[in-house]
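A structural walkthrough
Next come the chains, spelled out residue by residue.
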Amino acid sequence: MGLTADFPELTATARRLRQHIIRMVGAAGSGHPGGSLSAVEIMTALYFKVMRLDPARPDWPERDRFVLSKGHAAPVLYAALAERGFFPVEKITTLRQLGSPLQGHPDRKALPGVEVSTGSLGHGLAVANGMALAGRLDGRDYHVYVLLGDGELEEGMVWEGAMAAAHYRLDNLTAIVDHNHLQIDGRVEDVMSPEPVADKFRAFGWETRTIDGHDFGQILAALEWARQVKGKPAVIIAETIKGKGVSFMENEAGWHGKAPKPEEVEKALAELA
Amino acid sequence: MTKIATREAYGRALVELGRQNSQVVVLDADLSKSTMTAYFAKEFPARFFNMGIAEQSLMGTAAGLALSGKIPFASTFAVFAAGRAYDQVRNGIAYPKVNVKIAATHAGLTVGEDGASHQAIEDIALMRAVPNMTVIVPADGEETRQAVFAAAAHQGPVYLRLGRPAIPVIYNADYQFQIGRAHTLRQGKDAAIIACGVMVHEALKAAEELTTAGLEVMVVNISTIKPLDREAVLAAAATGAVVTAEEHTVIGGLGSAVAEVLATEKPVPLAMVGIRDTFGESGKPDELMAKYGLTAADIVAAVKRLKGKKD
Ligand SMILES: Cc1ncc(C[n+]2csc(CCOP(=O)(O)OP(=O)(O)O)c2C)c(N)n1
Ligand SMILES: [Mg+2]
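Let me begin by describing the structure that accompanies this report. Predicted model only: the values in this text are computed from it and were never measured. (Residues numbered from 1 in each chain as written. Chains lettered and ligands numbered in written order. Predicted model: local features only at pLDDT ≥ 70, side-chain atom pairs only at ≥ 80, totals over all residues. Heavy atoms only, no water.)

**What about helix H13 (residues 296–306) of chain B?**
An α-helix turns once per 3.6 residues; consequently, residues spaced three or four apart project the same way. Residue and element names in this part refer to chain B. In plain terms, the rule: Each residue's exposure class comes from its accessible area (1.4 Å probe, protein chains only) as a fraction of the maximum for that residue type: buried when under 20%, exposed when over 50%, partly exposed otherwise. Each helix is a run of H or I in the DSSP string that is no shorter than four residues. Each strand is a run of E no shorter than two, and both are numbered from the N terminus. Any two residues whose heavy atoms approach within 4.5 Å at even a single point are treated as in contact.
By the burial criterion, the buried members of H13 are Ala296, Ile299, Val300, Ala301, Ala302, Val303 and Lys304. The elements touched by buried residues of H13 are strand E10 (191–195), helix H9 (199–210), strand E11 (217–221), strand E13 (242–249) and strand E14 (270–275). Looking one or two residues beyond H13, the residue adopting positive phi is Gly308, at roughly 70°.

**A few points about the site of ligand 1**
This is how the line gets drawn: Consider each residue's heavy atoms; a residue with any of them within 4 Å of a molecule or strand counts as near. For the purposes of these results, a polar contact is taken to be a pair of N or O atoms within 3.5 Å, where, inside protein, one atom must be able to donate a hydrogen and its partner to accept one; residues adjacent in sequence count only when each atom of the pair is a side-chain atom. Per-residue and other accessible areas follow the Shrake-Rupley method at a 1.4 Å probe size, with only the shown protein chains counted as cover for residues. Here a cavity is any set of points on a 1 Å grid over the protein atoms alone where a 1.4 Å probe fits but cannot get out, and a pocket is any open set with protein on both sides within 12 Å along at least 5 of 7 lines; a residue lines the site when it has an atom within 4 Å of a point. A cavity or pocket is said to hold a molecule if more than half of that molecule's atoms lie within 2 Å of its grid points. Asp, Glu, Lys and Arg are counted as charged, while Ala, Val, Leu, Ile, Met, Phe, Trp, Tyr, Cys and Pro are counted as nonpolar; the rest, among them Gly, fall into the polar class.
Around ligand 1 sit 24 residues, and of these A:Lys70, A:His72, A:Asp150, A:Lys242 and B:Glu55 come closest. The local environment of ligand 1 is shared, drawing residues from chains A and B. Between ligand 1 and A:Gly151, the relevant distance is 2.8 Å, taken from an oxygen atom to a main-chain nitrogen or oxygen of the residue. At 2.6 Å, a side-chain N or O of B:Glu55 approaches a nitrogen atom of ligand 1. Considering ligand 1 on its own, with 600 Å² of exposed area, one finds that the protein chains cover 99% of that surface. The site holding ligand 1 turns out to be the largest pocket. If you list the elements that add at least two residues to the shell around ligand 1, you get strand E4 (182–183) of chain A together with helix H5 (78–84) of chain B. For the shell around ligand 1, the per-class residue count stands at 6 nonpolar, 10 polar and 8 charged.

**Side note on the packing of H9(B) against H13(B)**
Residue and element names in this part refer to chain B. Selection criterion: Structural elements are reduced to axes, namely lines fitted to C-alpha atoms, with helices fitted over the stretch in contact, and the angle between N-to-C directions of any two is expressed from 0 to 180 degrees. For classification purposes, angles smaller than 35 degrees are called roughly parallel, those larger than 145 roughly antiparallel, those between 65 and 115 roughly perpendicular, and all remaining angles oblique. Take the far helix as the reference: if the near one is turned anticlockwise from it by less than a right angle, the crossing is left-handed, and if turned clockwise, right-handed.
Between H9 and H13, the least distance of the axes is 8 Å, while the angle of their chain directions is 55°. With respect to H13, the element H9 is oriented oblique. For the pair H9 and H13, the sense of crossing is right-handed. In this structure, H9 uses Met199, Glu202, Ala203, Lys205, Ala206, Glu209 and Leu210 to contact H13, whose residues at the interface are Ala296, Ile299, Val300, Val303 and Lys304.

**A short note on the sheet that holds strand E2 (residues 24–28) of chain B**
All names here are of chain B. Here is the rule we go by: We call two strands paired when DSSP finds no fewer than two bridges between them.
With mixed pairing, 7 strands are arranged side by side in an open sheet as E3-E2-E4-E5-E7-E6-E12. Of all strands in the sheet, those with a lone pairing partner are strand E3 (48–50) and strand E12 (224–226), marking the two edges. Sheet twist, expressed as the average angle between the axes of neighbouring strands with direction ignored, equals 20°. Across 5 bridges, the pairing between E2 and strand E4 (residues 71–77) is parallel. Across the sheet, the residue bridging to Asp28 is Ser75, located in E4. Lying over the sheet, helix H4 (residues 55–67) contacts E2, E3, E4 and strand E5 (101–105), oriented at roughly 170° with respect to E4.

**What about the coordination of the magnesium ion (ligand 2)?**
Residue and element names in this part refer to chain A. Short version of the rule: Here a donor is any nitrogen, oxygen or sulfur atom (N, O, S) within 2.8 Å of the metal, with 3.2 Å used for Na, K and Ca; water is not among the atoms considered, so some sites may look incomplete.
Binding of the magnesium ion (ligand 2) to the protein goes through Asp150 (OD), Asn180 (OD1) and Leu182 (O), at separations of 2.1 Å. When the donors of the magnesium ion (ligand 2) are listed by position in the chain, the intervening gaps give D-x29-N-x1-L. Each member of the pair, Asn180 as well as Leu182, carries the same accessibility label: buried.

Okay, here's the thing in structure tokens:
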């Protein structure tokens, strides 16, 4: 179990999302490919298998919520939203252009399907907590997902949110950490280590599970597990590779926030064909 | 035209300063290759502290270093320096008057494609409102270099506002920057443009263009927004019409600071070129500057309006 061959459709979708990311960032001439590519399988599982969504009704009260706390990974969110039918795929090449709904960092006012405007790191978990509390108050059974970067865990606000989620026993909330071990200035462990991540969340009152964040079997099982956790919030620590799927971008801090040149776009798309 | 980004000039000046003064330490929050503190980190690894993506910790640690005799320069993007860590700056640095130099890069709309979340358009207002804070917005690379040295020599908190893109050089090494002193770049009797940062170059272009309309316009670079050079503002007011220009919201920035002096000491017609109470968005820096009314043409139009001339 867990081999990509077991999930042919999701695997094909993930490949398309990667192609979209490369095209999008290439066309924009700036943006963040590395942390978008590392989250592709997680986003594919959420948007194409797990979350209750209706692209025709982005404000449907019963929808599951997704918060991209690591807002710079906007390209992977846009790729998922486009592929899922929230907006036409052709629009992806307008990323970061004046007037485009595809802002450099997600803007909820500009694009239906974007739940929270992010870009300033560390905010997402607290906002997700608020959505989870409201769901409970309103007696709705939607689930709230929040995706965090591992460098982002250095923000104190993440741990304030972690404390609150456990305090309020938010079992309708699942956090996912994209543990790609890189941030801008280098390896997360070298710049400002947040380790041991799982132990920290456990100490804050969370249930944790560590998985291979590129393995659909493990991702789907962990997301199912997280929904079953009762009386506590759950966090999935997804071990990933920054730049995953494009050989020259993999594990390279330099591809955090740099766009591929036209010939690099061609090379990347050839690898993803 | 030679161009250099003020953040680039900052990074180079830090290295120069670090060689002269061993008390200088530098802190960053995972943006050292963007704020250009990476140059200092390379030459003085022991005196460089990367605090990770934790701007509040960045400012608090800088305060502690300063309270122990060091001269810390703390750098991150302006939105995070003035916004995310506002309370650490206010209560941890400004109130106790701690000797921290906050060098905030990527200020204003010229951040470009990253969009509104990364474009500090209100940081001058925030920092200017805090007692004990000195606020400096250099107009070019040379002024930045000198401002870095002046900030290090100054006792007390300083907020240095720097930009992302390369901008035209205005000054050479003969120029002498001094905290609190404006610099008149061009004399004129019909109106005065008071500008800061990247808008100083636009102001010079505007003044040149206005000569064709028969107007002799003074251009004043007020790089120290606080303490403000009141004499320079009053001298500008003597022309009878003042236009301010800043890459910042018109609420609380340079224009407001000038208006406070004029309204209380010498009321003259005033127009403010700046962002009109709105967030920015993604786009190329030039496109954004045009869309939000921050070009030489906008300054020209403002001067003509004040002088009762048709555009
Ligand atoms: C509050 C804040 N500080 C700094 C930044 C600049 N920044 C953008 S991405 C990034 C690194 C993020 O690293 P990580 O969370 O590991 O993301 P990933 O590796 O998944 O891309 C930084 C410092 C920001 N967006 N917000
Ligand atoms: Mg990371």
